[in-house]
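What follows is each chain in one-letter form.
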Amino acid sequence: MAIEGEYEPSPAKWVRDQVEQFEASNGQEANTLPGTNDPIVVITNRGAKSGKVRKTPLMRVERDGVYVAVASKGGAPEHPVWYHNFVAHPEVELQDGAVKKTYRAELVEGEERADLWELAVSTWDTYASYQEKTDRQIPLFKLTPVD
C-alpha cells in the first residue's frame, strides 16, 4: 500500500537533493551516503504532527528481507524527527534500489535489539561511535514486510 498525500520535502537541502535524485533514477543514483560507498535506502513515512508524506534516506541495514532503521541522528542527544513519525505511523514504504515495498516499523528492545544493534554496527561501524557520543540508547526499528 503506497503512502499517499501531500509530500513535504526535508528542510535539509542535501536530503532533499539525495531523495530527488534517488527517486528520479529509480534508486540507481544517489544510493550511497554522500562521500562514501555505503548504501542507503529511502523510507517514505507520514509525519507524526503534520500527517504529510516525508522521505528519509537511511543506511541500508538488512538481513533476510528485514531492515533495521537506526535512529542515531549522528549521536545527537535527541531522536531524529522520523523516530516520532515511525512511532505514530508504523506503516512505511522502503525503497532499496529499484525495489519498493511496504513495511511495518516496530521499535525493538532487549535481546532482539542487542542482536539487531550488532547487525547495524557490523554493517556500518560508525554507529558505535554515535552511541558513545550520546547518553540515550539509540532506538532501533525492525522493518518487516507487509504481505
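Here's what I pulled together on the structure shown here. (Residues numbered from 1 in each chain as written. Predicted model: local features only at pLDDT ≥ 70, side-chain atom pairs only at ≥ 80, totals over all residues. Heavy atoms only, no water.)

**Focus on the layout of surface pockets**
Rolling a probe over the atoms, with the probe sized like a water molecule, indicates the empty space that remains.
Here's step 1: What the largest pocket holds in volume is close to 620 Å³.
Here's step 2: Along the wall of the largest pocket there are 25 residues; nearest its centre are Trp14, Thr56, Pro57, Leu58 and Trp82.
Here's step 3: At the level of secondary structure, the elements contributing two or more residues to the lining of the largest pocket comprise helix 1 (13-24), strand 2 (53-59), helix 2 (81-88) and helix 4 (126-133).
Here's step 4: Counting residues per element, the lining of the largest pocket draws most heavily on strand 2, which supplies 6 residues.
Here's step 5: Its residues placed into classes, the lining of the largest pocket shows 16 nonpolar, 6 polar and 3 charged. (1 Å grid on protein atoms, 1.4 Å probe; cavity = no way out; pocket = protein on both sides within 12 Å on 5 of 7 lines; lining within 4 Å. Points joined across faces, edges and corners; volume = space filled by probe spheres on them. Helix = DSSP H or I, 4+ residues; strand = E, 2+ residues; numbered from the N terminus. Nonpolar A, V, L, I, M, F, W, Y, C, P; charged D, E, K, R; others polar.)

**Things to note about the environment of Gly27**
Here's step 1: Mapped onto the fold, Gly27 is located in the loop between helix 1 and strand 1 (40-46).
Here's step 2: The buried category is assigned to Gly27, whose relative accessible area is 2%.
Here's step 3: Between the alpha carbons of Gly27 and Val99 there is a distance of 8.2 Å; along the sequence they are 72 residues apart.
Here's step 4: The contacts of Gly27, once residues within four sequence positions are left out, are Phe22, Gln95 and Gly97. (Buried < 20%, exposed > 50% of the residue type's maximum accessible area, 1.4 Å probe, protein only. Contact = heavy atoms within 4.5 Å.)

**Regarding helix 3 (residues 110-123)**
Here's step 1: Compared with an ideal rise of 1.5 Å per residue, which puts 14 residues at 20 Å, helix 3 spans 20 Å between its outermost C-alpha atoms and is within 8% of the ideal.
Here's step 2: Looking at helix 3, one finds that the buried residues are Arg113, Leu116, Trp117, Leu119 and Ala120. For helix 3, the angular spread of buried residues about the axis comes to 160 degrees, placing them on one side. Within helix 3, the exposed residues directed more than 90 degrees away from the buried face are Glu111, Glu118 and Ser122.
Here's step 3: Of the surrounding secondary structure, the elements contacted by the buried residues of helix 3 are strand 3 (62-63), strand 4 (66-70), helix 4 and strand 7 (140-145). (Expected span 1.5 Å × (residues − 1). Arc of directions from axis to C-beta.)

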